[in-house]
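As a plain string of letters, each chain reads:
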Amino acid sequence: MGDPQTDCLFYFRGIPFMHQIYNMEGLERVEDFEVMDDDVFITTYPKSGTTWMQVFLSLVYAEGDESQVKDIHNFDRAPWLEAMMDDVVKTKRPRLISSHLPFNLQPRMLREGKGKVIHVLRNPKDTLVSFYHFHNITKFLESQSDFQTFVEQFIDAKVFIGSWFDHVRGWFENTHPNVLHVTYEDMTIDLDAVTKKVCEFLGKTLTKQQLESVKHHSSFNIMRDNPKTNFSQVEMFDFEKGTFMRKGKVGDWKDYFTVAQSERFDDVYRERMVGLGLDFIWDLPARKPTCSVELV
Ligand code: A3P
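Residues numbered from 1 in each chain as written. Predicted model: local features only at pLDDT ≥ 70, side-chain atom pairs only at ≥ 80, totals over all residues. Heavy atoms only, no water.

Asker: Can you walk me through the overall build of the protein in this structure?
Answerer: Along the backbone of the protein there are 14 helices and six strands. Taken over the C-alpha trace, the protein has a radius of gyration of 18 Å; the compact-globule value for 296 residues is 19 Å, and the two agree within 12%. Taken along the three principal axes of its C-alpha coordinates, the protein extends 50 × 50 × 45 Å. Taking all 296 residues of the protein together, the buried fraction comes to 54%. Sequence-distant contacts in the protein: of pairs separated by 6 or more residues, those separated by 24 or more amount to 70%. (Helix = DSSP H or I, 4+ residues; strand = E, 2+ residues; numbered from the N terminus. Rg over C-alpha atoms; globule rule 2.2 N^0.38 Å. Buried < 20%, exposed > 50% of the residue type's maximum accessible area, 1.4 Å probe, protein only. Contact = heavy atoms within 4.5 Å.)

The structure is reproduced here in structure tokens:
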């Protein structure tokens, strides 16, 4: 059983948050946050493709104008509700607002259906691996040297934002028509289809050229080399230990999980996600393009 990372984390309504970024008062204020009809929230469990969606949506709203993502940092284009509410309030409408909060800690008005939500989720084994590495580049989380310990901490919800299983269940069980679910895997395999879906959801029509620009400037390599999207200008990361834009792959978990760890995770997944009908893609095989393993 992994230990909770108590030095770096505190609990708010049962969910662990990082001391260095969050405080009780900021989290309490979220409940009464005034949601506008044209607000778009990007909600995610950590390491599920938040930054990718922030950049992608910024470009969609800017109709492909790359200066949006070359001149303005993620934090300023899509500020964090629970950590930067004063900035969110000052943001020019229509606002892009980022949040890792589970559904039940979101603003009351959002829970009642106001604004739009794009919820991004990723297969949890890749999320876990990405999160494991993230702990080693951030100065605000405890470094992780033992993968096995981290697997148990993740399963036991003793990590920032708590349980992946509860988080995802919460967003699916309470979903309303203003919530669009998008997977990291779909974005990887068919970004054109995701773009179409997202543009329809937001009521945006872009030209072919604008769409090409959205795709290009939100691609992994371009984001990796862009200081406004790769977090290289952010002091809270230690880039001698790794990069934020790490691999951007589907199926990286296979290089980390042992067979025993994978089977244990699958058991927990089956038990915790029963009845939800989620169908994640867990791997992209080298040759055949479509292979999904359904665990439900
Ligand atoms: P890896 O650590 O697996 O590489 P978040 O923004 O929610 O913290 O998620 C970070 C993860 O998304 C990292 O995964 C990062 O590399 C990946 N990512 C960011 N931008 C991406 C892009 N344009 N394409 C694919 N993956 C991307």
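Asker: Can you walk me through the sheet that holds strand β6 (residues 179–183) in this structure?
Answerer: Within a sheet, each strand pairs with its neighbour through backbone hydrogen bonds, oriented either parallel or antiparallel. Taken in spatial order, the four strands of this open sheet run β4-β3-β5-β6, and their pairing is parallel. Each having just a single partner strand, β4 (96–99) and β6 make up the two edges of the open sheet. Here the average twist between neighbouring strands, direction ignored, is 20°. Sheet analysis places strand β3 (residues 40–44) next to β4, joined by four bridges and oriented parallel. (Pairing = 2+ DSSP bridges. Axes fitted to C-alpha atoms, helices over the stretch in contact; angles between N-to-C directions.)

Asker: How do you make sense of the pairing of strand β5 (residues 116–121) when you look at a structure like this?
Answerer: Consecutive side chains of a regular strand alternate in pointing toward one face of the sheet and then the other. Among the six residues of β5, five are classified as buried, and the element is accordingly described as predominantly covered. Of the pairings in the sheet, the one linking β3 to β5 comprises five bridges and is parallel in character. Paired with Ile-42 across the strands is Ile-118, a residue of β5. Strand direction decides the pairing type here: β5 and β6, joined by five bridges, are parallel. Across the sheet, residue Val-117 finds its bridge partner in β6, namely Val-179.

Asker: Looking at this model, I keep getting lost on the environment of Ser-98. Mind explaining?
Answerer: For Ser-98, the position within the fold is in strand β4. Since its relative accessible area comes to 0%, Ser-98 is described here as buried. In this structure the C-alpha to C-alpha distance between Ser-98 and Val-40, which are 58 residues apart in sequence, comes to 8.6 Å. If we ignore the near neighbours within four places in the chain, the residues touching Ser-98 are Ile-42, Gln-54, Ala-78, Pro-79, Trp-80, Leu-81 and Glu-82.

Asker: What is the right way to look at the nonpolar core in this model?
Answerer: Soluble globular proteins tend to pack their nonpolar side chains together in the buried interior. In this structure, Phe-17, Leu-57 and Ile-118 are the most contacted members of the largest nonpolar core, which totals 89 residues. Sort the elements by how many residues they give to this core and helix α2 (residues 50–61) lands first, with seven residues. (Core = buried A, V, L, I, M, F, W, Y, C linked by side-chain atoms within 4.5 Å.)

Asker: Would you explain the confidence of the model for the protein in this entry?
Answerer: Detailed reading of the predicted coordinates is not advisable wherever pLDDT falls low. Summarising the model, the protein shows a mean pLDDT of 93, and 94% of its residues fall at 70 or more. Low pLDDT, under 50, characterises residues 287–296; the stretch is placed with 18 contacts to residues that sit more than four places away or in other chains. (pLDDT = per-residue confidence, 0-100.)

Asker: Could you clarify how one ought to interpret the packing of α2 against helix α12 (residues 208–217) in this entry?
Answerer: For any two helices packed against each other, one specifies the inter-axial angle together with the distance between the axes. Where α2 contacts α12, the axes come no closer than 9 Å and their chain directions differ by 160°. With respect to α12, the element α2 is oriented roughly antiparallel. Handedness of the crossing formed by α2 with α12: right-handed. Taking contact as the criterion, the partners of Val-55, Phe-56, Leu-59 and Val-60 in α2 are, on α12, Ser-213, Val-214 and His-217. Partitioning the contact of α2 with α12 into residue classes produces five nonpolar, two polar and no charged. (Parallel < 35°, antiparallel > 145°, perpendicular 65-115°, else oblique. Left-handed = near helix turned anticlockwise from the far one by under 90°. Nonpolar A, V, L, I, M, F, W, Y, C, P; charged D, E, K, R; others polar.)

Asker: Please explain the side chain of Thr-43 as it appears in this structure.
Answerer: Here Thr-43 shows up in strand β3. Residue Thr-43 is classed as buried on the basis of its relative accessible area, which comes to 0%. Beyond its immediate stretch of four places on either side in the chain, Thr-43 contacts Ser-99, Gln-106, Val-117, Ile-118, His-119, Val-120 and Trp-171.

Asker: Looking at this structure, I do not really get the packing of aromatic side chains. What am I missing?
Answerer: Any pair of aromatic rings gets described here by the distance separating the centres and the angle formed by the planes. Enumeration over the complete set of coordinates arrives at 33 aromatic pairs. Their ring planes at 80° and their centres at 5.3 Å tell us that Phe-147 and Phe-257 sit as a pair that is edge-to-face. Remark: Phe-257 occurs in the loop between α13 (220–224) and α14 (259–272) and Phe-147 occurs in helix α8 (residues 147–155); sequence separation between them is 110 residues. Each member of the pair, Phe-147 together with Phe-257, is buried. (Phe/Tyr/Trp six-rings, centres within 6.5 Å; stacked < 30°, edge-to-face > 60°.)

Asker: What exactly am I supposed to notice about the pattern of salt bridges here?
Answerer: Pairing is possible between side chains of opposite charge, provided their charged atoms come close. Taken as a whole and assessed by the stated rule, the structure comprises 21 salt bridges. For Asp-32, the salt bridge goes to Arg-108, with nearest N and O atoms at 2.3 Å. Taken as a pair, Asp-32 in the loop between α1 (24–29) and β3 and Arg-108 in helix α6 (residues 108–111) lie far apart in primary sequence, 76 residues in all. On the accessibility criterion, Asp-32 (55% relative accessible area) is exposed. Judged by its relative accessible area of 33%, Arg-108 falls in the partly exposed class. Here Lys-247 ties to Asp-252 by a salt bridge, and the two come within 2.8 Å at their closest N and O atoms. What makes Lys-247 partly exposed here is its relative accessible area of 34%. Among the charged side chains, a network of salt bridges with common partners joins Glu-31, Asp-32, Arg-108 and Arg-111. (Salt bridge = Lys/Arg side-chain N within 4 Å of Asp/Glu carboxyl O.)

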